[in-house]
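# Structure assessment
Chain by chain, the residues run as shown.
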Amino acid sequence: QNLKTWQKTNMDMTNGHNPAHTASHDQGFDSPVPSPIVANTTPREQWGGKYEFLLSCIGYCVGLGNVWRFPYLCYRNGGGVFLIPYFIMLFVAGVPLFLMELSLGQYGAAGPITVWKCCPLLKGIGIGMLCVSTLVCLYYNVIIAWTFYYLGSSFQSPLPWSCDAIANAAVCSNNTAGNSSSGRARTPTEIFWNENVLGLVNSEGLHDPGPVRWPLALCLLAAWIIIFLCMLKGIRSSGKVVYVTATFPYFVLIVLIIRGATLEGSLQGIAFYLTPDWARLASAQVWSDAASQIFYSLGIGVGGLLSMASYNKFDNNVIRDTIIITTGNCCTSFFAGFAIFSILGHMAWRKGVSVGEVADTGPGLAFVAYPEALALLPGSVFWSIMFFLMLFMLGVDTLFGNMEGITTAVLDEFPQLRQNNLHKSLFLGSLCFGFYLMGLLLVTEGGIYWFTLIDSFSTSFGLIIITLFMCIGISFFYGVNQFCQDILDMIRHCPPWCSKVLIYFKACWCFFTPFLLMVSLHSSVKTPLCLMQLWLNIN
């Protein structure tokens, strides 16, 4: 009880809440408690309006993962069967954890580390968020660099990955001209991705990264400069940008779906996307991938949501925001899958093979399937520019949220940086430049191997551990009843449905969510051990 009272005192003073509100919880508390120290004397920024926070969270969640990662996981896990564990994980783990992180940040009005001043024992959760967010920022901007490279290449006519390009004449006229390691014919888009962009043919694996590919390095530098400039403007100006970044992607996806529906074989791809292979439900990897995608897409456990919520007004309705954001995010993932699989169906029809064989598995699926779709559109150069500009805006908007989690955590721990704009700018510039130097490894000829390694272990194993301890810590250390009461205190005028929904969330936080996280963790632990054994056998 003393611990909860201390948390309320610290949080209320940090957020500038009415002391009378806190006093109602302090009755009967006579034990000596260390005097709370409000380190940040500078008034904390707040969103310019409630819609700015809502749209910023949608822009943060609806990112590159909705376009290239979700369809890729469906493709790898047998198509439509992946939707079953995906939506189960969403309602049992994703939505409850999303609400928990938003509520924790809004009530505490602090970053991922400082917010745990209520219980120093759980401060490691915030440090873990900071570590995972660092890894995500490190490789996520590499995806933006790839997108930037494709955006620049899109200004060529004809597109360099289309059959109209002179360099691809031999490949397009002879199906056996370019064969992959599996012995099947490759398309110009696959050749452009593997050879022109990645330089993958010159590397043998993790032990052979090769030289830096300087065109990609320049794209990566440009991406970090843009991130630096966006972060300098603060949260108030970023709320205006999302009016474009949150709506423009839907326009492009609608165009791709309409175009894909007019192509031969598109129904074959949609059938592969929606028809479940029930035997795959017995695979633990499918459930682990579903949990990983929920965390990756919603941004849970990284600290970005917690940091953005910390700039909210105290009486913001977090339950309403949670339902709107999570529903919109997952519907976008499902919606984007139609654009991907309609094109894959057409590719399979052209090659005379099944949908499962039309492209190599990997995070570059969107950089193979989507460019080929764009090459089939009338005015392909224009639509290619629009599409990769859309991806670029999605990536920058999402990475801004991840970077906000890091900067908020550091600035809350060292408030003197927040008080001086010059020091804050120097810190942000040093952070971005450090990420750029570390990211150079991922833009070498073998960088895709390191990219896959970081992507696999930073978005599954680490996030599951962090969210599991966060769920257990809030439910059993802080107290789930007290946490629900804190949510009701923030909402104040709570409609009847809010109280009923909290009963469901309470059951998830105490039982269902930790159980699913532990099952997913068991599956995630076995994968690194198997890969390590394979690596030792090879070497």
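Residues numbered from 1 in each chain as written. Predicted model: local features only at pLDDT ≥ 70, side-chain atom pairs only at ≥ 80, totals over all residues. Heavy atoms only, no water.

## Observations concerning the overall build of the protein
The helix and strand tally for the protein stands at 21 helices and zero strands. Of all 539 residues assigned to the protein, the portion counted as buried reaches 57%. Once local pairs closer than 6 in sequence are excluded, the contacts in the protein between residues at least 24 apart make up 84%. As displayed, the protein offers around 21700 Å² of accessible surface, 67% of which is attributable to carbon and sulfur atoms. (Helix = DSSP H or I, 4+ residues; strand = E, 2+ residues; numbered from the N terminus. Buried < 20%, exposed > 50% of the residue type's maximum accessible area, 1.4 Å probe, protein only. Contact = heavy atoms within 4.5 Å. Areas by Shrake-Rupley, 256 points an atom, 1.4 Å probe, with all protein chains shown as cover.)

## Structural notes on unusual backbone geometry
Backbone torsion omega between Ser 157 and Pro 158 reads 0°, so that peptide bond is classified as cis. Relative to the assigned elements, Pro 158 resides in the loop between α6 (123–153) and α7 (169–173). At Ala 109, a residue that is not glycine, the phi angle is positive and equals roughly 50°. Along the chain, the position of Ala 109 falls in the loop between α5 (83–108) and α6.

## Observations regarding helix α3 (residues 50–61)
Taking 1.5 Å as the rise per residue, α3 with 12 residues should run 16 Å; its terminal C-alpha atoms sit 17 Å apart, in good agreement. Taken across its 12 residues, α3 has 10 buried, putting it largely inside the fold. Those residues of α3 that fall on the buried side of the exposure criterion are Glu 52, Phe 53, Leu 54, Leu 55, Ser 56, Cys 57, Ile 58, Gly 59, Tyr 60 and Cys 61. (Expected span 1.5 Å × (residues − 1).)

## As for the confidence of the model for the protein
A residue-level look at the protein finds 83% of positions with pLDDT of 70 or above and a mean pLDDT of 80. Ranking the elements of the protein by mean pLDDT puts helix α2 (residues 19–23) last with 38 and helix α19 (residues 421–439) first with 92. Across residues 1–41 the pLDDT falls below 50, and counting only partners more than four positions away or on other chains, this stretch makes 56 contacts in the model. Low pLDDT, under 50, characterises residues 529–539; the stretch is placed with three contacts to residues that sit more than four places away or in other chains. (pLDDT = per-residue confidence, 0-100.)

## Concerning helix α15 (residues 318–351)
Compared with the 50 Å implied by 1.5 Å per residue over 34 residues, the 49 Å span of α15 between its first and last C-alpha is a close match. Sitting at the amino-terminal end of α15 is Asn 317, which places a side-chain oxygen 3.2 Å from the backbone nitrogen of Ile 319. Gly 352 lies just past α15 and shows a positive phi near 70°. (Polar contact = N/O pair within 3.5 Å; in protein donor to acceptor, adjacent residues only side chain to side chain.)

## Thoughts on the packing of aromatic side chains
Following the criterion strictly, the structure yields 34 aromatic pairs and no others. Measuring from ring centre to ring centre gives 5.3 Å for Tyr 139 and Phe 451, while their planes differ by 80°; the resulting arrangement is edge-to-face. Of the two residues, Tyr 139 sits in helix α6 while Phe 451 sits in helix α20 (residues 447–491), which places them 312 residues apart along the sequence. Judged by relative accessible area, Tyr 139 falls into the buried class, the value being 0%. Measuring from ring centre to ring centre gives 5.1 Å for Trp 146 and Trp 193, while their planes differ by 90°; the resulting arrangement is edge-to-face. Here the residue Trp 146 occupies a position in helix α6, and Trp 193 occupies one in helix α8 (residues 188–197), the gap between them amounting to 47 residues. Assigned by exposure class, Trp 146 and Trp 193 land together as buried. An aromatic cluster is built from Tyr 139, Trp 146, Tyr 149, Tyr 150, Trp 161, Phe 192, Trp 193, Phe 367, Phe 387, Phe 388 and Phe 451, whose rings are joined through pairwise contacts. (Phe/Tyr/Trp six-rings, centres within 6.5 Å; stacked < 30°, edge-to-face > 60°.)

## What about the nonpolar core?
Within the largest apolar cluster, 161 residues are counted, with the highest numbers of intra-cluster contacts made by Ile 143, Trp 146, Trp 224, Phe 387, Met 403 and Trp 509. The contact partners of Trp 509, leaving out residues within four places of it in the chain, are Pro 96, Leu 97, Leu 99, Met 100, Cys 471, Ser 475, Val 480, Phe 483, Cys 484, Ile 487 and Pro 514. (Core = buried A, V, L, I, M, F, W, Y, C linked by side-chain atoms within 4.5 Å.)

## Brief notes about the UniProt feature "binding site: Na(+)" (unreviewed entry) in the protein
Here the UniProt feature "binding site: Na(+)" (unreviewed entry) sits at Gly 59, Val 62, Asn 66, Ser 297, Asn 329, Leu 394 and Asp 397. For this annotated set, covering 339 residues, all C-alpha atoms fall within 14.1 Å of each other, a compact arrangement in space. On the secondary structure map, Leu 394 appears in helix α17 (residues 380–413). The exposure class assigned to Leu 394 is buried, which follows from its relative accessible area of 3%. Residues within four places of Leu 394 in sequence aside, it is in contact with Val 62, Gly 63, Leu 64, Val 67, Thr 245 and Pro 249. Those residues in contact with Asp 397 that sit more than four places away from it in its chain are Gly 59, Tyr 60, Val 242 and Thr 245. (UniProt positions renumbered as here; feature names shortened; annotations may be inferred.)

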